[in-house]
Amino acid sequence: MKFRPIITSLLETDLYKFSMGQAIFHQASEYETTWSFKCRNKDVQFSSEMVAEIGEQIQAFCELHFTEDELQYLSHIKWLEKSYINHLRRWTPNFKDFMIKEGGDCGLILEASGTWLDTSMYEIPVLAIVNEVFFRFRDDYDALLESAKERTRAKADLLRSGVYWLPVFSEFGLRRRLCSAAQEYAIEQFSSLDTNDILRSYFVGTSNVFLAQKYGVKPVGTMAHEWIMAMGQGNHLYNPAYSNKVALDAWVKEYGVDNGIALTDTITTDCFLRDFDKTLATLFSGVRHDSGDPFIWGDKMIDHYTRLGIDPATKTLLFSDSLNFEKADKIARYFQGKAKVAFGIGTYLSNDTYAEPLNIVMKVTKCNGQDVAKISDAPGKGMCKSQEYVDYLQRAIDWRLKHNH
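Residues numbered from 1 in each chain as written. Predicted model: local features only at pLDDT ≥ 70, side-chain atom pairs only at ≥ 80, totals over all residues. Heavy atoms only, no water.

If you look the protein up in an unreviewed UniProt entry, it shows as Nicotinate phosphoribosyltransferase from Selenomonas ruminantium. The record in UniProt for the protein states the following under Pathway (unreviewed entry): "Cofactor biosynthesis; NAD(+) biosynthesis; nicotinate D-ribonucleotide from nicotinate: step 1/1." Among the UniProt annotations of the protein, the heading Catalytic activity (unreviewed entry) holds the following wording: "5-phospho-alpha-D-ribose 1-diphosphate + nicotinate + ATP + H2O = nicotinate beta-D-ribonucleotide + ADP + phosphate + diphosphate". (UniProt positions renumbered as here; feature names shortened; annotations may be inferred.)

Undergrad: What's the story with the sheet that holds strand 11 (residues 360–367) in this structure? I'm lost.
TA: As a general point, the strands of a sheet are linked pairwise by backbone hydrogen bonds and lie either parallel or antiparallel. Ordered by their spatial adjacency, 5 strands build an open sheet running 2-3-1-11-12, and the pairing between neighbours is antiparallel. One side of each edge strand has no neighbouring strand; the edge strands of this open sheet are strand 2 (98–102) and strand 12 (370–371). Here strand 1 (residues 32–39) pairs with strand 11 via 7 bridges, running antiparallel. For Cys39, the partnering residue across the bridge sits in strand 11 and is Ile360. (Pairing = 2+ DSSP bridges. Helix = DSSP H or I, 4+ residues; strand = E, 2+ residues; numbered from the N terminus.)

Undergrad: Just checking my understanding: could you explain the pairing of strand 10 (residues 340–345) for this structure?
TA: Within a regular beta strand, the side chains point alternately toward one face of the sheet and then the other, so they alternate between its two faces. The element strand 10 is extensively covered by neighbouring structure, given that 5 of its 6 residues are classed as buried. Pairing of strand 4 (residues 169–171) with strand 10 involves 3 bridges; the strand directions are parallel. If you follow Glu171 over to strand 10, its bridge partner there is Ile345. Between strand 9 (residues 316–319) and its parallel partner strand 10, the chain crosses via helix 15 (residues 325–335), and the hand of that crossover is right-handed. (Buried < 20%, exposed > 50% of the residue type's maximum accessible area, 1.4 Å probe, protein only. Right-handed = clockwise from strand over helix to strand, strands pointing away.)

Undergrad: Teacher, can you tell me more about the packing of helix 1 (residues 16–27) against helix 10 (residues 225–233) here?
TA: A pair of packed helices is captured by two measures, namely the crossing angle of their axes and the spacing between those axes. Where helix 1 meets helix 10, the closest approach of the two axes is 10 Å, and the angle between their N-to-C directions is 15°. Between helix 1 and helix 10, the crossing angle belongs to the class labelled roughly parallel. Crossing angle aside, the handedness with which helix 1 passes helix 10 is right-handed. For the pair helix 1 and helix 10, contact is made by Tyr16, Lys17, Met20, Ala23, Ile24 and Gln27 and by Glu226, Trp227 and Met231, respectively. When its residues are assigned to classes, the contact of helix 1 with helix 10 shows 6 nonpolar, 1 polar and 2 charged. (Axes fitted to C-alpha atoms, helices over the stretch in contact; angles between N-to-C directions. Parallel < 35°, antiparallel > 145°, perpendicular 65-115°, else oblique. Left-handed = near helix turned anticlockwise from the far one by under 90°. Contact = heavy atoms within 4.5 Å. Nonpolar A, V, L, I, M, F, W, Y, C, P; charged D, E, K, R; others polar.)

Undergrad: Looking at this structure, I do not really get the environment of Ile397. What am I missing?
TA: With respect to the helices and strands, Ile397 occurs in helix 17 (residues 387–403). Judged by its relative accessible area of 1%, Ile397 is buried. Distance from Ile397 to Ile267, taken between C-alpha atoms, is 7.8 Å for residues 130 residues apart in sequence. Setting aside chain neighbours within four positions, we find Ile397 in contact with Ala241, Ile267, Thr268, Cys271 and Ile375.

Undergrad: Help me understand the sheet that holds strand 9, please; the structure alone is not making it clear to me.
TA: As summarised here, the arrangement of the 7 strands in space is 6-5-4-10-9-8-7, forming an open sheet in which the pairing is parallel. Each of the sheet's edge strands pairs with one partner strand only, and the pair in question is strand 6 (218–219) and strand 7 (261–263). Note that strand 7 and strand 8 (residues 286–289) share 3 bridges and pair parallel. Note that in strand 8 the partner of Ala262 across the bridge is Val287. In the packing of helix 15 onto the sheet, contacts are made with strand 9 and strand 10, and the angle to strand 10 comes to roughly 170°.

Undergrad: Please clarify how the nonpolar core should be interpreted in this entry.
TA: Nonpolar side chains tend toward joint burial in soluble globular proteins. Phe46, Trp227, Phe276 and Phe343 are the most contacted members of the largest nonpolar core, which has 121 residues in total. The leading source of residues in this core is helix 6 (residues 123–138), at 9 residues. What Phe46 contacts, discounting residues up to four positions off in sequence, is Phe37, Val51, Ile54, Cys106, Gly107, Leu108, Val130, Phe134 and Leu358. Ile267, Cys271, Ile375 and Ala396 belong to the second-largest nonpolar core, a separate cluster that totals 10 residues. (Core = buried A, V, L, I, M, F, W, Y, C linked by side-chain atoms within 4.5 Å.)

Undergrad: Sorry if this is basic, but what is going on with the packing of helix 1 against helix 11 (residues 243–255) here?
TA: Two numbers describe how helix 1 lies on helix 11: the axes approach to 10 Å, and their chain directions differ by 95°. Compared by their axis directions, helix 1 and helix 11 come out roughly perpendicular. Every residue of helix 11 that contacts helix 1 at Phe18, Ser19, Met20, Gln22, Ala23, His26 and Gln27 is listed here: Ala250, Trp251, Lys253, Glu254 and Tyr255. Tallied by class, the residues present in the contact of helix 1 with helix 11 amount to 6 nonpolar, 4 polar and 2 charged.

Undergrad: Explanation requested: unusual backbone geometry in the structure shown.
TA: The phi angle of most residues is negative, glycine excepted, and most peptide bonds adopt the trans form. The backbone of Ser322 sits at a positive phi, close to 50°, despite the residue not being glycine. Note that Ser322 resides in the loop between strand 9 and helix 15. In this structure Ser322 comes out as exposed when scored by relative accessible area, which is 63%. Although it is not a glycine, Ser376 sits at a positive phi angle of roughly 70°. In this fold, Ser376 is placed in the loop between strand 12 and helix 17.

Have a look at this one:
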């Protein structure tokens, strides 16, 4: 198979990597992190040929640098500052940060270690590489791509005809896309969406900054779990059950009222709400759901805003957990008139074919030599390499919830 680089631009990542990057650059540039790959599919095996190709693709990614045209585009994002843009001008990935080898439950062991400022930028391109290599080696790739395009056209027609209603939605599928062509085709289809006047669905943009620039659509994104995990748990001065407070305050320090969608489920939403006081709930324009029952979560957030004396209709509930159009439509109709509702839809838009998609993640597992963990609101979505640390974190959370601190 002729070598063809999968990632061809350092803009080919999610927008939130730049919001993460700038905050890290200004507040935690000395932090050290380790990131670990995990495949949640139980029946998936990466062959030795796949592992070798993944290594070559990551090495090719590490030869990229930002062009002046790309930096000029980033400079027009209102919350990105010149100091950070200048850092990106000098920055390039470092292949020495990676450990890639055969082994583990799925046949692939993949980690990256180094400064948080560097390693944070690896997550999304690496996952896109792993996903595309797997399907290119295992399947009839032309048939898979045609399957993806056919399903994408059908989905666009469903929205045009008003079968489903998504008041505001974005494409969030870079990390698990079938390939760049499949993701690009989805953006082509949905950016030209013209729906009926009764229930109009609006496509806002994509998390893929490269394709946002190419198609003139809005680059979109929020904070990520890594911010609470590393900023909140990586500093040894703090009880990790208070990591949301540390991380949210640091985010406000960086961005004020800009870039303000808070992620709630890193160490459970119930613990998050202990810290999401009236000041923070006012400053942040909304919250993102990424695990657990979306209806229970949404009602809980609306109740919380109401108790704080904030009109929930002025806030955005952004849903991003394993969505399809049917699920999103039900959520939109349920919360209509109660709050603003938006959707970030990933795999369903970028890798829906006749083959089962991969469920892969790459999460920060250590910060400053200490284990960090994502607990989440649903079994199976947590991530940590130390069960001992998870038990400790859970005890800290339980104590805080029990004593209402």
